[in-house]
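Results of the structural survey
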Protein chains: 2
Amino acid sequence: MRQSQLFTKTQKNAPKDEVSLNAQLLIRAGFINKEMAGVYAYLPLGLRVIEKIKEIIREEMNAICSQEIIMSSLQPKEVWQSTGRWDDKVVDVWFKSKLKNETEVGFGWSHEEPITEMMKRFLVSYKDFPVYVYQFQTKLRNELRAKSGIMRGREFVMKDLYSYDTDEKRHLKFYESVKNSYMNVFKRVGLGDITYVTFAAGGAFTKYSHEFQTVTEAGEDFIYINKEKNIAVNEEVLEDSVLKELGVSKNELTKVKSAEVGNIFNFGTSKCDDMNFFTTNEEGKKISIYLGSYGIGVTRLMGVIADHFADEKGLVWPETVAPFQIHLISLSKNEEAQNIYDDLVKNDVEALYDDREISAGEKFADSDLIGIPYRIVISKKSLENGGVEIKKRNEKESKIIKIEDIARELK
Amino acid sequence: MRQSQLFTKTQKNAPKDEVSLNAQLLIRAGFINKEMAGVYAYLPLGLRVIEKIKEIIREEMNAICSQEIIMSSLQPKEVWQSTGRWDDKVVDVWFKSKLKNETEVGFGWSHEEPITEMMKRFLVSYKDFPVYVYQFQTKLRNELRAKSGIMRGREFVMKDLYSYDTDEKRHLKFYESVKNSYMNVFKRVGLGDITYVTFAAGGAFTKYSHEFQTVTEAGEDFIYINKEKNIAVNEEVLEDSVLKELGVSKNELTKVKSAEVGNIFNFGTSKCDDMNFFTTNEEGKKISIYLGSYGIGVTRLMGVIADHFADEKGLVWPETVAPFQIHLISLSKNEEAQNIYDDLVKNDVEALYDDREISAGEKFADSDLIGIPYRIVISKKSLENGGVEIKKRNEKESKIIKIEDIARELK
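Residues numbered from 1 in each chain as written. Chains lettered and ligands numbered in written order. Predicted model: local features only at pLDDT ≥ 70, side-chain atom pairs only at ≥ 80, totals over all residues.

Note on the identical chains: chain B maps onto chain A by a rotation of 180° and an axial translation of 0.0 Å, with an RMSD of 0.0 Å. What the rotation and shift describe, once combined, is the action of a two-fold rotation axis. Residues of chain B ranked by C-alpha distance from the rotation axis are headed by serine 97 of chain B, positioned 2.8 Å from it. Residue by residue, 100% of the interface of chain B is reproduced at the interface of chain A, so both copies engage with the same surface. (Least-squares fit on C-alpha atoms with pLDDT ≥ 70 in both. Contact = placed C-beta atoms within 7 Å.)

Listed below in structure tokens is the structure:
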């Protein structure tokens with residue numbers, strides 16, 4: 001894309017009420033726009049990052065045979081009353097409104113109940129199981145405070161996955177496979193080495209749930225980790241009996257700040273039982289259904305990535321989620337820059353081409369702020385030196401390579 | 001995809017309160033699920049259709065240099081108060097709720113005001129224009145009645161495009177180019193010959209706006225058309241002066257029922273003026289900004305397509321938006337079916353493979369209801385006859401072709 005065509009512009013300052021680093025940088029670089037506290041629009045650069053993250057998650061979800069759907073934001077009261085979660089005292093993040101006929105409606109802060117309600121229509125015999133479905137949904141949550149930028153919004157994108165099974169062993173096996181899938185996602189977006197499967201409180205049916213916590217100062221949680229043993233424990237289950245089970249002692253653990261980028265929860269049969277959702281076995285006998293619920297905060301993940309890799313000059317995107325792979329910067333009007341750009345486009349390389357008539361200093365500052373992985377500068381000087389100057393965003397040294405070697409260099 | 005893995009199932013009957021043909025068929029075939037009146041979830045087959053439609057629209061939008069973004073559903077009151085449209089007496093489809101601190105918030109039924117507000121941040125000089133942005137957004141509208149299935153929902157997907165310009169001529173030229181883009185979309189989804197650019201009421205600045213009306217009994221509108229002259233007029237502007245201008249007389253027009261699948265509106269400079277959004281010209285003088293607003297109802301379009309092409313047996317999808325291109329039906333366990341399926345997958349042909357152990361009659365009935373463009377049946381009989389039986393969903397006759405000729409036949 002030509003940068004002269006991109007409608008967003010970088011800005012020196014973020015809004016004064018924006019206290020989180022991720023939103024400050026993303027606003028300044030033109031990735032997002034603040035609509036109100038905890039509510040952001042995603043502009044062309046930001047939307048490209050979101051779509052890259054979604055595609056990585058989609059691939060991992062499809063790989064474990066789950067099927068993509070999209071539920072609704074508007075939700076009827078009744079389906080939530082069946083589990084007691086319509087009550088504002090039980091769930092304190094509801095946004096609610098009314099139809100013209102005074103019927104109350106809720107806006108989806110979660111989708112366990114509606115999806116489970118829908119499944120009654122399709123899953124009538126043990127033969128119909130297991131079923132795994134997921135969606136990328138915009139969740140609306142009436143948070144009291146929203147000061148963490150896109151890491152905790154009143155409106156945000158979540159990938160939620162639900163598993164339904166009649167067989168407990170197979171159910172638990174799937175639960176384990178989601179753990180692997182999720183770690184694959186976090187590895188692929190560049191956070192693998194600082195993200196921990198973390199033991200957290202379970203429910204009536206299970207001793208533990210599991211959170212995926214990324215170690216970052218920007219987080220709102222605290223966890224206790226042992227890097228060598230790859231063990232992490234949430235404060236709420238930091239008990240001697242748990243530690244003994246995990247084979248780690250309290251003094252081997254370090255307290256760190258972290259952000260919960262994902263979580264998986266085994267409801268056992270409790271949720272489906274509560275919602276009066278049963279099925280039949282081989283003998284036609286009524287049996288219970290196991291439910292697992294698995295979430296990844298997509299926009300939060302983008303915020304964590306933005307925050308974690310940033311340096312004093314701006315954003316630094318991992319190649320897998322970067323809005324473009326190459327920032328091509330032309331410092332003088334020249335045919336070569338245009339030819340290189342045309343060539344990159346032809347070869348399906350995602351390039352942002354800074355063809356604007358502004359100073360070199362401004363172009364470099366913008367490029368550092370936006371944080372595309374590779375910067376290619378073409379100038380009279382670089383051409384005299386035999387080609388173009390190429391530099392990785394997270395490295396200091398640039399080098400001169402021949403124009404015809406660009407493709408090879410990027411591989 | 002293997003049909004045995006698809007969690008949705010076809011159903012003989014739609015819910016009793018579902019009176020529209022599009023929703024009846026789409027529910028029965030497992031494309032959508034009714035969450036409440038006017039609110040539907042999109043299941044794997046339905047989501048595939050929506051994504052196909054969106055991709056066609058996206059290609060056409062990108063071709064006219066517009067940039068994709070995504071705004072928020074939650075909207076602050078102030079931005080709508082500036083144009084008087086926060087008032088429920090002015091806009092009667094608002095869903096509203098409150099933050100914990102009692103601040104009122106609205107849920108996006110439209111996005112003209114928020115996008116325009118955001119543009120103040122980026123468009124400060126005449127050099128920054130023109131700018132064209134679009135989004136695929138889930139709109140929430142508190143409709144009094146919602147009885148047209150996915151053709152008029154309380155929650156639906158819309159593509160909305162906005163153009164900002166300082167130059168009136170260029171602004172009007174873009175308006176005309178959107179007309180072409182929109183007609184390209186409707187042609188590509190198969191509705192070109194029954195969709196009319198329809199003259200409708202304009203605003204303070206323009207004599208007319210333009211609607212894209214598809215002739216269908218399922219529509220909620222009435223328009224007056226002359227097929228030969230390719231002229232269509234909305235009831236609200238059916239006046240002698242208008243007809244004279246268009247060169248058509250009243251008795252040459254036929255009244256037909258139709259569905260509004262798109263509309264384009266020229267606000268002139270009124271909206272930006274109202275919102276105190278101005279820019280500067282070459283001499284640094286304050287000047288007004290022209291706004292155009294252009295919408296396509298994505299889910300409505302899916303409903304119109306479903307309704308229009310359906311026959312007594314079920315849905316009939318045009319190839320461009322079909323969830324799969326081929327419905328491969330195996331009537332006996334055989335290696336050939338599996339091999340053909342593997343081959344189709346390898347060649348990136350989207351195929352739904354009915355590998356279920358049910359009767360041939362049930363498979364055929366399901367296939368007709370789901371409406372995939374090509375049906376390929378492989379059975380002992382077809383193999384004895386030298387290959388597989390291939391039939392288009394909208395044709396009666398099938399023919400036998402050799403297995404190795406399938407790829408060629410589909411081209």
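With that settled, consider the interface of chain B and chain A. The interface of chain B with chain A comprises 43 residues on the first partner and 43 residues on the second. When contributions to the side of chain B that touches chain A are tallied by element, the ones reaching two or more residues are strand 1 (32-36), strand 2 (39-42), helix 2 (44-63), strand 3 (67-68), strand 4 (74-76), strand 5 (95-98), helix 4 (112-122) and strand 7 (131-140) of chain B. Looking at side-chain class alone, the side of chain B that touches chain A contains 25 nonpolar, ten polar and eight charged residues. (Helix = DSSP H or I, 4+ residues; strand = E, 2+ residues; numbered from the N terminus. Nonpolar A, V, L, I, M, F, W, Y, C, P; charged D, E, K, R; others polar.)

Here we take up the sheet that holds strand 17 (residues 326-330) of chain A. Residue and element names in this part refer to chain A. What the five strands build is an open sheet, ordered 18-17-19-20-21; its pairing is mixed. Where the open sheet ends on each side, the last strands, each with one partner, are strand 18 (351-354) and strand 21 (399-401). This sheet shows a mean twist of 25° between the axes of neighbouring strands, independent of strand direction. Relative to the sheet, helix 9 (residues 335-346) contacts strand 17, strand 18 and strand 19 (374-378), its axis offset from that of strand 17 by approximately 160°. (Pairing = 2+ DSSP bridges. Axes fitted to C-alpha atoms, helices over the stretch in contact; angles between N-to-C directions.)

With that settled, consider the packing of helix 2 (residues 44-63) of chain A against helix 5 (residues 168-188) of chain A. Each packed pair of helices is defined by two parameters, the angle between the axes and the distance between the axes. Residues and elements named next belong to chain A. Two elements in contact, helix 2 and helix 5, have axes separated by 10 Å at closest approach and are oriented at 155°. On the basis of the axis angle, helix 2 is roughly antiparallel to helix 5. Helix-helix and strand crossings are classified by hand; for helix 2 and helix 5 the assignment is right-handed. Taking contact as the criterion, the partners of Ile56, Ile57, Glu60 and Ala63 in helix 2 are, on helix 5, Ser181, Asn184, Val185 and Arg188. Grouping the amino acids of the contact of helix 2 with helix 5 by side-chain chemistry returns four nonpolar, two polar and two charged. (Parallel < 35°, antiparallel > 145°, perpendicular 65-115°, else oblique. Left-handed = near helix turned anticlockwise from the far one by under 90°.)

Turning our attention to the pairing of strand 8 (residues 155-165) of chain A. Side-chain direction in a regular strand flips from residue to residue, so the side chains alternate between the two faces of the sheet. Residue and element names in this part refer to chain A. Extensive coverage of strand 8 is indicated by the burial of eleven of its eleven residues. Taking every second residue as pointing to the same face, both faces of strand 8 are buried, with Glu155, Val157, Lys159, Leu161, Ser163 and Asp165 on one and Phe156, Met158, Asp160, Tyr162 and Tyr164 on the other. Note: strand 7 (residues 131-140) against strand 8, ten bridges, orientation antiparallel. Counted as the bridge partner of valine 133 is tyrosine 162 from strand 8. Relative to strand 16 (residues 290-297), strand 8 runs antiparallel, the two sharing eight bridges. Note on strand 16: the bridge partner recorded for methionine 158 is glycine 297. (Buried ≥ 20, exposed ≤ 12 C-beta atoms within 10 Å, placed from the backbone.)

So, on to the packing of helix 2 of chain B against helix 8 (residues 298-309) of chain B. Residue and element names in this part refer to chain B. Orientation of helix 2 relative to helix 8, taken along the N-to-C sense of each, is 110°, at an axis distance of 10 Å. The orientation of helix 2 relative to helix 8 falls into the category roughly perpendicular. The way helix 2 lies across helix 8 gives a crossing that is right-handed. Along its contact with helix 2, which presents Val49, Ile50, Ile53 and Lys54, the element helix 8 presents Val298, Thr299, Leu301 and Met302. Each residue belonging to the contact of helix 2 with helix 8 can be placed in one class, and the counts come to six nonpolar, one polar and one charged.

Residues and elements named next belong to chain B. Examined bridge by bridge, strand 4 and strand 6 (residues 104-107) share three bridges and lie antiparallel to one another. Looking at strand 6, one finds that proline 76 is bridged to valine 105. Pairing between strand 5 and strand 6: four bridges, direction antiparallel. If you follow lysine 98 over to strand 6, its bridge partner there is glutamate 104. Connecting the antiparallel pair strand 5 and strand 6 is a turn made up of five residues, with glutamate 102 showing a positive phi of about 75°.

It is common to give the size of an interface as the accessible area that goes away when the parts come together. Its domain assignment divides chain A into domain 1 (21-309) and domain 2 (326-410). Here the C-alpha centroids of domain 1 of chain A and domain 2 of chain A sit 40 Å apart. (Domains from an automatic or database assignment.)

Chain-level pLDDT for chain A is 95 on average; 100% of the residues reach the 70-or-more range. Taken together, the chains of this predicted complex give a pTM of 0.97 and an interface ipTM of 0.96. (pLDDT = per-residue confidence, 0-100.)

All names here are of chain A. Relative to the assigned elements, asparagine 226 resides in strand 11 (residues 221-226). Given 17 C-beta atoms within a 10 Å radius, asparagine 226 is considered partly exposed. Linking asparagine 226 and glutamate 176, residues 50 residues apart in sequence, is a C-alpha distance of 21 Å. The contact partners of asparagine 226, leaving out residues within four places of it in the chain, are Ile231, Val248, Glu252 and Leu253.

Quick look at helix 2 of chain A now. Residue and element names in this part refer to chain A. The end-to-end C-alpha separation of helix 2 is 29 Å, in line with the 28 Å expected for 20 residues at 1.5 Å each. If you check which residues of helix 2 are buried, you get Leu45, Gly46, Arg48, Val49, Ile50, Lys52, Ile53, Ile57, Glu60 and Met61. Looking one or two places after helix 2, you find cysteine 65, whose phi comes out positive at around 60°. (Expected span 1.5 Å × (residues − 1).)

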